[in-house]
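Coordinate analysis (summary)
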Amino acid sequence: MREQLEKIKLEALEEIKEATNSQRIDEIRVKYLGKKGSLTTILRGMGSLSPEERPIIGKFANEVREFIEEEIKKALLNIKNKERELKIKGEYIDITMPGKKVEIGGIHPLNKVLDEIKDIFFGMGFSIAEGPEVELDYYNFEALNVPKNHPARDEQDTFYISENLVLRTQTSPIQVRTMEKTKPPIRIIAPGRVYRSDAVDATHSPIFYQIEGLVVDKGITMANLKGTLETFAKRFFGEKTRTKFRPHHFPFTEPSAEMDVSCFVCGGEGCRVCKGSGWIEILGCGMVHPDVLRKGGIDPDEYSGFAFGMGLDRIVMIKYGIDDIRLLYENDIRFLKQF
Amino acid sequence: MKVPYNWLLEYVDIEKDIREVADALTMSGSKVEEVIEYGKEIDKVVTGLIEKIERHPNADKLRVCQVNVGEEVIQIVTGAENVQEGDTVPVALHGSTLPGGVKIKKGKLRGVDSNGMLCSEAELGIADDDSVHGIMILPKGTPIGVDIKEILGLKGGILDFEITSNRADCFGIYGIAREASAKFRVPLKGIETSFKEKDENIKDYIDVEVKDDLCRRYAARVVKNVKIGQSPEWMQQRLMDAGVRPINNIVDITNYVMLELGQPMHAFDHRFINGKRIIVRRAEDGEKFTTLDGVERTLDSSMLVIADEKGAVAVAGVMGGLDSEIKDDTTTVVFECANFNGPNVRLTAKKLGLRTESSSRFEKDLDPNLVDLALDRACHLVEALEIGEVVGGKIDIYKNPVKPYTLEVDPNWINDFIGINISKEAMANMLGYLGMKVEVGDKLKIEVPTFRQDIRIKEDVAEEIARLYGYDKIKAEKIKGEAVEAVLTREQRLTNIIRNVLVNRGFFEINTYSFISPKAFDKIRLPEDSPLRNTVKILNPLGEDFSIMRTTLIPSIMETLKINYARDNKEVKIFEVAKTYHPAENMPYEPVKLSIGMIGKVDFYDLKGVIENILYVLGIDKVDYERDEKNPIFHPGRCAKLLVRRKSVGYFGEVHPEVAENYEIEDRIYVAEIELMPLFEAYKTERKYKPLPKYPAVDRDIAILVKDEVAVAEIENIIWKIGKEIVEQVKLFDVYKGKQVPEGMKSVAYSIIYRREDRTLTDEEVNKVHESIIKSLSEKLGAQLR
Ligand SMILES: [Zn+2]
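Residues numbered from 1 in each chain as written. Chains lettered and ligands numbered in written order. Predicted model: local features only at pLDDT ≥ 70, side-chain atom pairs only at ≥ 80, totals over all residues. Heavy atoms only, no water.

**Quick word on the overall build of chain B**
Within chain B, the secondary structure is distributed over 20 helices and 40 strands. Reported as C-alpha extents along the three principal axes, the dimensions of chain B are approximately 130 × 80 × 60 Å. Going through the 786 residues of chain B one by one, you find that 52% of them count as buried. Once local pairs closer than 6 in sequence are excluded, the contacts in chain B between residues at least 24 apart make up 69%. The positive charge centre, built from 112 side chains, and the negative charge centre, built from 132, are 5 Å apart in chain B. (Helix = DSSP H or I, 4+ residues; strand = E, 2+ residues; numbered from the N terminus. Buried < 20%, exposed > 50% of the residue type's maximum accessible area, 1.4 Å probe, protein only. Contact = heavy atoms within 4.5 Å. Lys, Arg positive; Asp, Glu negative; His and termini not counted. Charge placed at Lys NZ, Arg CZ, Asp CG, Glu CD.)

The structure is reproduced here in structure tokens:
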């Protein structure tokens with residue numbers, strides 16, 4: 001009987017190893033372990049054994065059953081893995097085919113760059129102020145130390161609506177407007193459209209964007225102006241950016257300066273964009289003129305401040321390598337899709 | 001302003017390279033826009049002595065020269081006829097370069113070796129035209145084999161300055177020299193003004209009367225026995241380098257003094273001053289006068305003229321007259337040196353369209369005390385050039401002499417204001433170089449010279465200190481004091497949200513001009529009495545097409561669609577957030593609007609969907625859409641008015657075919673215009689959590705046939721009204737016309753979800769409500785169940 005059991009064990013093992021699918025394994029299970037299976041049949045014949053032999057053979061028979069069950073389990077797992085692998089193999093797709101997209105649009109390059117600049121100043125505690133585009137002559141000129149007949153009015157060819165209404169030629173009128181409304185400390189930027197009666201060409205547009213900045217508080221110094229604008233330049237143009245402040249003249253700041261940044265195209269080596277100088281003029285700035293503070297209702301003996309103004313279009317054009325300002329206002333969708 | 005470098009060096013000893021000087025002066029406030037270096041492109045050109053000249057064996061017009069260039073004698077073939085043996089000439093050697101990037105190499109000319117080129121002045125870039133002169137012949141005794149740049153003084157150049165309007169004193173080379181002296185801390189040299197007066201009296205020659213205060217000072221001198229001719233080469237060269245054309249020695253002197261000191265002058269031929277009287281007066285309205293340039297001009301009484309007894313001889317500060325100009329046979333000259341009201345000169349020049357070197361200086365309001373120096377300098381030059389004799393005495397009418405201005409400034413304040421720390425003595429020293437007299441006490445007591453009218457307050461002084469100290473040396477510091485919190489306003493935040501929704505729905509933001517053509521209103525079919533035609537108008541527009549401020553964004557977005565369509569961009573989805581401008585009592589009203597435009601594979605409902613998305617994101621739920629057949633811009637059957645909280649905030653739909661045609665678009669166009677402020681006001685900040693449903697829902701579909709003109713909103717209203725107790729959601733899932741649906745009818749299918757919050761609904765309950773909905777639809781809308 002022992003030999004029979006050994007034989008069954010070997011035969012079952014053989015058959016399990018040859019089985020390639022789970023169905024076949026089921027057949028094997030029935031053949032050996034089922035109610036009419038060969039192992040069961042043998043166990044049924046146990047009665048014919050001597051009482052001494054019975055427990056020994058019984059134990060062995062159980063071992064054989066456990067062995068076969070274990071092998072079946074292993075084989076099943078193996079087959080399942082193989083079957084899954086096979087299924088997976090048949091399910092390969094071309095992952096280079098295009099994805100299912102919702103078409104996404106885009107922000108205009110001017111606003112895209114403006115958003116970036118706003119974020120930088122926002123991080124430095126600057127809020128965003130706004131003002132009218134059809135502006136009183138008073139705020140656009142007079143409050144900024146540019147009285148009627150001042151030569152600076154010639155330089156900024158102005159669109160007039162009436163004798164005392166103009167299309168603002170700069171964002172600077174927001175300075176006095178903000179001071180009138182807000183007590184120091186003031187820290188704002190004011191982006192917006194400005195207007196000059198320039199004929200349209202590749203570098204001139206009668207409408208363009210400026211970003212004004214104003215800080216007023218006790219003890220504001222020119223060193224603060226440098227610190228703030230240097231930080232801006234590094235965050236916007238990159239950490240390696242160097243800045244250069246040159247004296248200049250604006251009627252509404254004293255002292256006044258222009259800020260150049262090291263050319264972010266060539267890194268200061270000199271290229272076509274910076275006309276070989278390695279520097280790009282970015283903005284005008286200065287300490288707010290005491291007359292302007294007074295016009296804003298702020299006592300210049302108690303407070304001081306600085307202001308700056310930059311042209312957004314130029315920055316956008318240099319940043320993206322756009323050589324014709326008209327592209328920014330024409331809105332060809334093929335142009336807009338590039339940003 | 002162009003400043004020849006060697007002219008500048010006459011007044012300050014700076015031994016520095018021109019570029020270094022340019023950079024330094026730029027950093028101290030005199031911005032150099034361009035440095036034009038002489039001879040920059042000249043390389044390997046040396047002086048050479050022509051030792052022997054022979055005829056070319058094969059060409060009549062060529063000659064073969066043996067030229068000693070110092071270390072060797074080389075053979076050069078030339079076509080020039082003006083050279084002779086013994087001449088010293090500039091020689092471009094093999095491998096040399098000349099202005100314009102010309103490279104010279106050895107070669108053969110008609111079979112004879114030529115190892116370089118003899119140069120003309122034009123070839124060296126120092127004269128415009130060499131047709132007369134031929135090869136440049138250098139003076140006898142010029143050393144041989146020396147770099148031509150050294151011989152010709154080509155190591156300098158021209159500095160082109162941008163002068164800011166506040167610095168009238170820098171419109172002369174001497175003013176720039178003063179800046180250089182302050183920057184480099186070297187003394188400013190004096191100006192040579194000495195001359196001898198002849199014993200006659202100017203009063204015997206001329207009489208002057210000033211009738212108007214627009215002339216603050218009028219001074220004159222007379223020069224007799226004048227020999228008109230060309231001014232010396234050096235003077236002509238300097239004038240040309242500074243951008244002024246040489247005329248004759250007298251006119252050149254006035255221009256020379258103007259360039260040097262910034263004080264314009266004028267020279268009259270004494271013969272043509274009628275009555276020997278100069279009257280400074282206002283022009284008469286309509287007075288005719290022919291200026292030097294030969295143009296007859298009509299003057300008016302806002303303008304100041306210099307006149308004689310018969311009429312004007314000059315427009316004050318702008319230009320002299322043709323009649324009294326200096327001629328070849330002029331023998332007696334009246335030098336005018338005056339000071340005129342700056343803004344008035346500017347206006348006159350503007351009115352006449354005649355901006356001159358003179359007017360552009362006067363308009364900055366010059367220092368009246370500059371007159372003495374300039375007039376004397378001119379007389380000195382007359383004497384130095386030996387071209388005339390100065391008559392004794394001068395005319396000088398100067399009613400209100402300008403005096404130096406004094407102010408006191410606390411040096412500690414300057415340090416604090418700029419953020420530096422320098423001693424008051426150092427400050428005084430800096431200001432001294434600028435011509436200010438400073439007494440150093442606790443405060444700096446500063447006497448500001450009259451040529452610095454721009455310095456009146458302590459901030460002005462701070463700027464002088466800061467720029468001479470160097471802006472680059474000021475430390476960059478963070479703003480101290482309490483932190484200021486940056487906040488976005490609700491409008492700014494919500495505008496960003498709206499833009500994001502549109503971008504995520506595939507729209508591109510555009511940016512268009514704020515002014516439009518009045519014709520645009522016709523193009524979008526606005527009736528004559530439309531309130532949108534009430535516009536803010538520009539008095540001096542760039543042209544009619546840009547003459548009114550837009551009251552609606554529709555024309556702009558239509559133009560943008562037109563441009564794109566014409567360029568074969570036929571799938572376009574765009575939007576703009578921008579101001580419109582509406583006349584109001586004091587200032588125009590400038591509400592911000594949103595425009596949306598689409599062409600391509602889209603329909604009305606694509607546009608409506610985007611608007612619904614925006615309203616959803618803003619949490620606005622009290623929204624109505626009303627059919628608007630009257631809006632002239634739109635297809636009457638495909639236009640909706642958008643109402644938020646029952647108030648109209650905008651409109652959208654398919655553009656009227658006639659409007660589409662006006663913009664040359666042969667496709668359906670969908671546009672919207674919505675005012676943003678009402679949306680911001682309706683924006684719901686609060687959102688409250690509602691418990692998730694505990695009891696199951698019952699879902700019932702319903703499909704009905706209704707007449708075509710029945711709006712789905714009517715059906716939905718009935719469903720909601722009848723089922724309001726238990727209806728949770730009503731969802732339209734199909735609208736069908738065509739097969740199996742009778743003409744003029746449509747099939748509409750809804751899925752209705754019923755649910756109660758407090759218990760499970762029974763079938764019976766749902767059936768009851770569902771039935772009464774069907775009944776009501778049938779009664780009210782004639783709906784038939786399908
Ligand atoms: Zn560069």
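Here the narrative resumes.
**Considerations on the packing of helix α13 (residues 490-504) of chain B against helix α16 (residues 604-617) of chain B**
Residue and element names in this part refer to chain B. Two elements in contact, α13 and α16, have axes separated by 10 Å at closest approach and are oriented at 140°. Our classification of the angle between α13 and α16 gives oblique. Considering only the axes of α13 and α16, their crossing is right-handed. Residues Ile497, Ile498, Val501 and Leu502 of α13 lie in contact with α16, whose contacting residues are Val610, Asn613, Ile614 and Val617. Among the residues forming the contact of α13 with α16, the class breakdown is 7 nonpolar, 1 polar and no charged. (Axes fitted to C-alpha atoms, helices over the stretch in contact; angles between N-to-C directions. Parallel < 35°, antiparallel > 145°, perpendicular 65-115°, else oblique. Left-handed = near helix turned anticlockwise from the far one by under 90°. Nonpolar A, V, L, I, M, F, W, Y, C, P; charged D, E, K, R; others polar.)

**Remarks on the pairing of strand β22 (residues 333-340) of chain B**
Residues and elements named next belong to chain B. For β22, the buried fraction is high: 8 of the 8 residues fall into the buried class. Residues Val333, Phe335, Cys337 and Asn339 of β22 are buried on one face, and the alternating residues Val334, Glu336, Ala338 and Phe340, pointing to the opposite face, are buried as well. As defined by bridge partners, strand β14 (residues 215-224) adjoins β22 across 8 bridges and the pair is classed as antiparallel. Directly across from Tyr218, in β22, lies its bridge partner Ala338. With 4 bridges joining them, strand β15 (residues 266-269) and β22 adopt antiparallel strand pairing. Within the sheet, the bridge partner assigned to Phe268 lies in β22 and is Val334. (Pairing = 2+ DSSP bridges.)

**Remarks on the state of the cysteines**
Residues and elements named next belong to chain B. Under the counting rule described, the total for this entry stands at 0 disulfides over all chains. The thiol of Cys337 is not disulfide-bonded; the next cysteine sulfur, from Cys379, is found 9.4 Å away. According to the relative accessible area criterion, Cys337 is buried, its value standing at 0%. (Disulfide = S-S within 2.5 Å.)

**Here we look at the pattern of salt bridges**
Residues and elements named next belong to chain B. Applying the stated criterion across every chain yields a total of 86 salt bridges over all chains. Where Arg277 meets Asp207, a salt bridge forms, and the shortest distance between an N and an O atom there is 3.3 Å. Separated by 70 residues along the polypeptide, Arg277 in strand β16 (residues 277-282) and Asp207 in strand β13 (residues 207-210) bring together distant segments of the chain. A relative accessible area of 38% means that Asp207 is categorised as partly exposed. A salt bridge links Lys364 to Glu363, with the shortest nitrogen-to-oxygen separation between them at 3.4 Å. Residues joined in a network through salt bridges with shared partners are Arg167, Asp169, Glu179, Arg452, Asp454, Glu464 and Arg467. (Salt bridge = Lys/Arg side-chain N within 4 Å of Asp/Glu carboxyl O.)

**Some words on the domain arrangement of chain B**
What the domain assignment lists for chain B is domain 1 (2-38 + 157-184), domain 2 (43-151), domain 3 (197-397), domain 4 (406-473), domain 5 (490-682) and domain 6 (698-785). Between domain 3 of chain B and domain 4 of chain B, the C-alpha centre-to-centre distance is 37 Å. (Domains from an automatic or database assignment.)

**Concerning the sheet that holds strand β2 (residues 134-136) of chain A**
Residues and elements named next belong to chain A. Taken in spatial order, the 3 strands line up as β2-β4-β3 in an open sheet, and their pairing is antiparallel. The open sheet has two edge strands with one neighbour each: β2 and β3 (160-162). Strand after strand, the sheet turns through a mean of 35° between neighbouring axes, direction not considered. Here 3 bridges tie β2 to strand β4 (residues 165-167), and the two strands are oriented antiparallel to one another. Across the sheet, Glu135 pairs through a bridge with Val166, a residue of β4.

**Side note on the domain arrangement of chain A**
Domain parsing of chain A yields domain 1 (2-89) and domain 2 (109-336). Distance from the C-alpha centre of domain 1 of chain A to the C-alpha centre of domain 2 of chain A: 89 Å.

**Some remarks on the coordination of the zinc ion**
All names here are of chain A. Every protein donor of the zinc ion is accounted for by Cys263 (SG), Cys266 (SG), Cys271 (SG) and Cys274 (SG), and the metal-donor separations fall at 2.2 to 2.3 Å. In this structure, the zinc ion is surrounded by 4 donor atoms whose angles at the metal cover 103 to 112°, and the resulting shape is tetrahedral. Owing to a relative accessible area of 1%, Cys263 belongs among the buried residues under this scheme. (Donors = N, O, S within 2.8 Å, 3.2 Å for Na, K, Ca; no water. Tetrahedral: all angles 85-135°; square planar, octahedral: opposite > 155°, others 65-115°.)

**Topic: the interface of chain B and chain A**
Every contact between the two is made by 79 residues of chain B and, on the other side, 84 residues of chain A. For the pair chain B and chain A, the two sides together bury roughly 6,900 Å², of which 58% comes from carbon and sulfur. Contact with chain A buries area across many residues of chain B, yet Ile479, Phe508 and Asn511 of chain B alone supply 11% of it, more than any other trio. Among the ionic pairs, Asp332 of chain A bridges to Arg567 of chain B, the shortest N-O distance being 2.9 Å. Those elements that provide at least two residues to the side of chain B that touches chain A are α2 (18-27), α7 (342-352), α10 (411-418), α12 (458-469), α13, β28 (508-509), α15 (554-566) and β31 (572-579) of chain B. Residue classes in the side of chain B that touches chain A are distributed as 34 nonpolar, 18 polar and 27 charged. (Buried area = accessible area lost by both parts, 1.4 Å probe.)

**Thoughts on the confidence of the model for chain B**
Across chain B, the average pLDDT comes to 92, with 99% of residues at or above 70. Reported for the predicted complex are a pTM of 0.83 and an ipTM of 0.85. (pLDDT = per-residue confidence, 0-100.)

**Quick notes on the nonpolar core**
Note on soluble globular proteins: their nonpolar side chains tend to be buried together. Residues and elements named next belong to chain A. Membership of the largest hydrophobic core comes to 119 residues, with the highest contact counts inside it found for Phe308 and Met310. Examining the composition of this core, we find that 8 residues originate from one element, helix α9 (residues 222-237), more than from any other. Aside from chain neighbours lying at most four places away, what touches Phe308 is Phe121, Phe126, Ile189, Ile211, Glu212, Gly213, Leu229, Leu283, Gly284 and Cys285. (Core = buried A, V, L, I, M, F, W, Y, C linked by side-chain atoms within 4.5 Å.)

**Description of the UniProt feature "domain: B5" (unreviewed entry) in chain B**
Per the UniProt annotation, the sites labelled "domain: B5" (unreviewed entry) are residues 402-476 of chain B. Note that residues 402-476 of chain B is 40% helix and 19% strand, and that its end C-alpha atoms are spaced 40 Å apart. (UniProt positions renumbered as here; feature names shortened; annotations may be inferred.)

**A word on the side chain of Glu464 of chain B**
If you trace the backbone, Glu464 of chain B turns up in helix α12. Discounting chain neighbours no more than four positions away, the residues touching Glu464 of chain B are Leu431, Leu434, Met436, Arg452 and Ile455 of chain B.

**Some details on α2 of chain B**
Of all 10 residues in α2 of chain B, 7 are buried; the element is thus mostly enclosed. The secondary structure elements touched by the buried residues of α2 of chain B are β7 (243-250) of chain A together with α1 (5-8), β2 (31-37), β11 (157-162), α4 (173-184) and α12 of chain B. With a side-chain oxygen positioned 3.0 Å from the backbone nitrogen of Arg19 of chain B, the residue opening α2 of chain B is Asp17 of chain B. In the stretch just after α2 of chain B, Gly29 of chain B is the one whose phi turns positive, near 115°. (Polar contact = N/O pair within 3.5 Å; in protein donor to acceptor, adjacent residues only side chain to side chain.)

**Observations regarding the packing of helix α5 (residues 109-123) of chain A against helix α11 (residues 312-320) of chain A**
All names here are of chain A. Direction vectors running N to C along α5 and α11 enclose 100°, while the axes themselves pass 10 Å from each other. Accordingly, the angle class assigned to the pair α5 and α11 is roughly perpendicular. Residues Pro109, Leu110, Lys112, Val113, Leu114, Glu116 and Ile117 of α5 form the contact with α11, whose own contacting residues are Leu312, Asp313, Ile315, Val316, Lys319 and Tyr320.

**Quick look at the environment of Asp324 of chain A**
Residue and element names in this part refer to chain A. Secondary-structure assignment places Asp324 in the loop between α11 and α12 (327-330). In the structure, Asp324 is positioned 90 residues away from Lys234 in sequence and 26 Å away in space, judged by C-alpha atoms. Engagement of the side chain of Asp324 in a polar contact is seen with the backbone nitrogen of Arg326, the distance being 2.9 Å.

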